Protein chains: 2
Amino acid sequence: MASWNESASKQAITDFVSRVTQTGGSNYVEPAERIAVFDNDGTLWTEHPMYVQLAFALDRVKTMAPMHREWTNKQPFQAVLDGDMAALAASGERGMMELVMVTHAGMTSAEFAAIVSQWLATARHPRFKRPYIELVYQPMIELLGYLRANEFKTFIVSGGGVEFMRPWTNRVYGVPPEQVIGSSIKTRFEMRDGRPELYRLAQVNFIDDKAGKPVGINEYIGRRPIAAFGNSDGDLEMLQWTTMSGGARLGLIVHHTDAEREYAYDRNTAFGRLDKALNAATANNWAVMDMKRDWKVIFPFELG
Amino acid sequence: MASWNESASKQAITDFVSRVTQTGGSNYVEPAERIAVFDNDGTLWTEHPMYVQLAFALDRVKTMAPMHREWTNKQPFQAVLDGDMAALAASGERGMMELVMVTHAGMTSAEFAAIVSQWLATARHPRFKRPYIELVYQPMIELLGYLRANEFKTFIVSGGGVEFMRPWTNRVYGVPPEQVIGSSIKTRFEMRDGRPELYRLAQVNFIDDKAGKPVGINEYIGRRPIAAFGNSDGDLEMLQWTTMSGGARLGLIVHHTDAEREYAYDRNTAFGRLDKALNAATANNWAVMDMKRDWKVIFPFELG
């Protein structure tokens, strides 16, 4: 973990790993039970000025607009095409869901994966002018590797769409598709022209956020993690589920405190609000990582 | 695969494995992509005279009956308590669902896992008079090991309940909980008395059968398998999804042909009907394994 300064949060991590890996120790945990779960947005990569997947959806609306003339005077599409963020916000959760369904459904799973990969190869973050997958946190990548070197199995448990993440998480984080859990829409299997296909439907299947995270962990992993890493109130229940089960457990919150190198936000933000989980950290003995103080570098490209 | 006779089905397996593991060969597949999926009931363990999970549900009804006096004259419970299989069958899918919900919901996930483990430790198969987990197929356990020795990752993809399988699949098959996919009911996360709990609700979440199998494979694994093993029409779509994607692929059907050592059934049976998938085998070049002819032993206890 070369990009971590010596700090309480680094100490909490290494102490925990020492305890659960010490053969014969009272806190020893078998390798098979060393499950670590990571939120993605704001924990492993940048979620400001908006979730990357939202930026993807807005771009897709623009790309698809020529085939949808009716969008020029229909919300929330008009707001997207006009770049009117206030009108977009006013469309609320219902408007967001409409955007997601129009841009994420209506194709096969393989086609969607290709669309995502192509977008990630060309889209640029508005402030850093770099591909989004370069805006992952170098210290967290090192942490993932450190845990795996200590025979942990690392999972992503994200509110983001599972098929939005799987095309690139292995390459970027070393987390293979079968260890990525996220929100999803329903799919339908069909033989068409003698070929088996999975079609993405405009219907919610699972929301992997807040109380959905422990539900998803149980459903998709079937083991209770011993370490959880998050950065927002969406991770509160995952942190509770992981740490409040006796034995040596680790909960860690990534606190965005660095407006200069990345962003600074917690209780007042539209993306990655950290309020209840921050209050709960002290009582539950969760480590709170201070991005400005604890990380030598934020992004891999800083290593040159 | 010591318990396999030299046969076309064994040959199909070893040929396939040779091709996909030969470095530099035109059919070479990276270890990470070597995903093999196995049905459970009838493919890895006995599903006659009825699915083991149904036997579990019937036993649970009997165990719970003293607390439910109303069941003595209410279907489908009365049928279970009277051992009246005709009346039980007459209650149809709706009756079965009612039995499943009453016996599988209304407790935490941890409590359910304990109930399953306890039942498996005491219940006996009516014909073989042995614990159900001794009625797994020795040749298939060897096959699982053979594939893992060749860097395959083995998954179970079963119509059975995922939380009914996970307590024992690792011990019996070497398949860990996170590699078991199955049908499920919904759960709800709640903090109760300061403890986080997952409650099992009387509500269907996912049916991992027929066209649900490729859907489940995509949702839970996120990779397309290169080998699939099944024994009934419930596995047809999984076999299609796995094998009809170009490249070297293996589909294999376990055909129950041995009434003496196990059971013989295919097109006419209430549990594990094999009809459409058997018809599809020839056209798709799936291996059809003949239990009587191809297996030296069926169960591990025959090895003595």
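Rules of the game
Residues numbered from 1 in each chain as written. Chains lettered and ligands numbered in written order. Predicted model: local features only at pLDDT ≥ 70, side-chain atom pairs only at ≥ 80, totals over all residues. Heavy atoms only, no water. Helix = DSSP H or I, 4+ residues; strand = E, 2+ residues; numbered from the N terminus. Rg over C-alpha atoms; globule rule 2.2 N^0.38 Å. Buried < 20%, exposed > 50% of the residue type's maximum accessible area, 1.4 Å probe, protein only. Contact = heavy atoms within 4.5 Å. Lys, Arg positive; Asp, Glu negative; His and termini not counted. Charge placed at Lys NZ, Arg CZ, Asp CG, Glu CD. Polar contact = N/O pair within 3.5 Å; in protein donor to acceptor, adjacent residues only side chain to side chain. Least-squares fit on C-alpha atoms with pLDDT ≥ 70 in both. Buried area = accessible area lost by both parts, 1.4 Å probe. Salt bridge = Lys/Arg side-chain N within 4 Å of Asp/Glu carboxyl O. Domains from an automatic or database assignment. Nonpolar A, V, L, I, M, F, W, Y, C, P; charged D, E, K, R; others polar. Axes fitted to C-alpha atoms, helices over the stretch in contact; angles between N-to-C directions. Parallel < 35°, antiparallel > 145°, perpendicular 65-115°, else oblique.

The name given to chain A in an unreviewed UniProt entry is Haloacid dehalogenase, with Methylobacterium oxalidis as the source organism.

Participant: What is the right way to read the overall build of chain A from this model?
Facilitator: A tally of regular secondary structure across chain A gives 13 helices and eight strands. The C-alpha radius of gyration computed for chain A amounts to 20 Å, which stays within 12% of the reference 19 Å derived for 304 residues, consistent with globular compactness. Along the first, second and third principal axes, the C-alpha atoms of chain A reach 65 × 50 × 35 Å. When burial is assessed residue by residue, chain A has 57% of its 304 residues classed as buried. Intrachain contacts of chain A at a sequence separation of at least 6 include 66% that bridge at least 24 residues. In chain A, the 33 positive side-chain charges and the 36 negative ones have mean positions that sit 1 Å from each other.

Participant: For this particular structure, what's the right way to read the side chain of B:Asn218?
Facilitator: Tracing the backbone shows B:Asn218 in helix α10 (residues 212-221). Overall, B:Asn218 belongs to the buried group, its relative accessible area being 11%. Polar contacts involving the side chain of B:Asn218 include one to the side chain of A:Glu163, which spans 3.1 Å. Residues within four places of B:Asn218 in sequence aside, it is in contact with A:Ser109, A:Glu163, A:Arg166, A:Thr187 and A:Leu198.

Participant: When you look at the relation of the copies chain B and chain A in this model, what are you seeing that I'm missing?
Facilitator: Related by rotation about an axis and a shift along that axis, the two copies of the chain form a pair. You can overlay chain B on chain A at an RMSD of 0.0 Å; the transform is a turn of 180 degrees with a shift of 0.0 Å along its axis. Given the turn and translation reported, the copies of this chain are related as if by a two-fold rotation axis. Relative to the rotation axis, the closest C-alpha in chain B is found at B:Tyr220, a distance of 3.2 Å. The overlap is high: 100% of the interface residues of chain B also sit at the interface in chain A, so the same surface is used on both sides.

Participant: Is there a simple way to think about the interface of chain B and chain A in this case?
Facilitator: Bring the parts together and some accessible area is lost; that lost area is often taken as the interface size. Contact residues are listed per partner, giving 34 residues for chain B and 34 residues for chain A. Carbon and sulfur atoms make up 54% of the surface buried where chain B meets chain A, a total of about 2,800 Å² over both sides. Put simply, chain B and chain A have four salt bridges between them. The salt bridge partner of B:Arg223 is A:Glu178, with a shortest N-O separation of 2.8 Å. Of all the secondary-structure elements, those providing two or more residues to the side of chain B that touches chain A are β2 (153-161), β3 (180-192), β4 (195-206), α10 and α11 (236-243) of chain B.

Participant: What should I look at first to understand the domain arrangement of chain A in this one?
Facilitator: Residue and element names in this part refer to chain A. Domain annotation of chain A identifies domain 1 (8-49 + 133-303) and domain 2 (52-122). Inter-centroid distance (C-alpha atoms) of domain 1 to domain 2 is 26 Å. Taken together, the contact between domain 1 and domain 2 spans 20 residues of the former and 18 residues of the latter. Around 1,500 Å² of area is buried between domain 1 and domain 2 when both sides are counted, 71% of it from carbon and sulfur atoms. Joining domain 1 to domain 2, the criterion identifies zero salt bridges. The residue inventory of the side of domain 1 that touches domain 2, partitioned by class, reads 12 nonpolar, five polar and three charged.

Participant: Looking at this model, I keep getting lost on the packing of helix α10 (residues 212-221) of chain A against helix α11 (residues 236-243) of chain A. Mind explaining?
Facilitator: Packed helix pairs are specified by the crossing angle of their axes together with the interaxial distance, meaning the distance between the axes. Residue and element names in this part refer to chain A. It is the contact of α10 with α11, at a shortest axis distance of 7 Å, that shows an interaxial angle of 50 degrees. Judged on the interaxial angle alone, α11 and α10 are oblique. Mapping the contact onto sequence places Lys-213, Pro-214 and Ile-217 in α10 and Glu-237, Met-238 and Trp-241 in α11. Partitioning the contact of α10 with α11 into residue classes produces four nonpolar, no polar and two charged.

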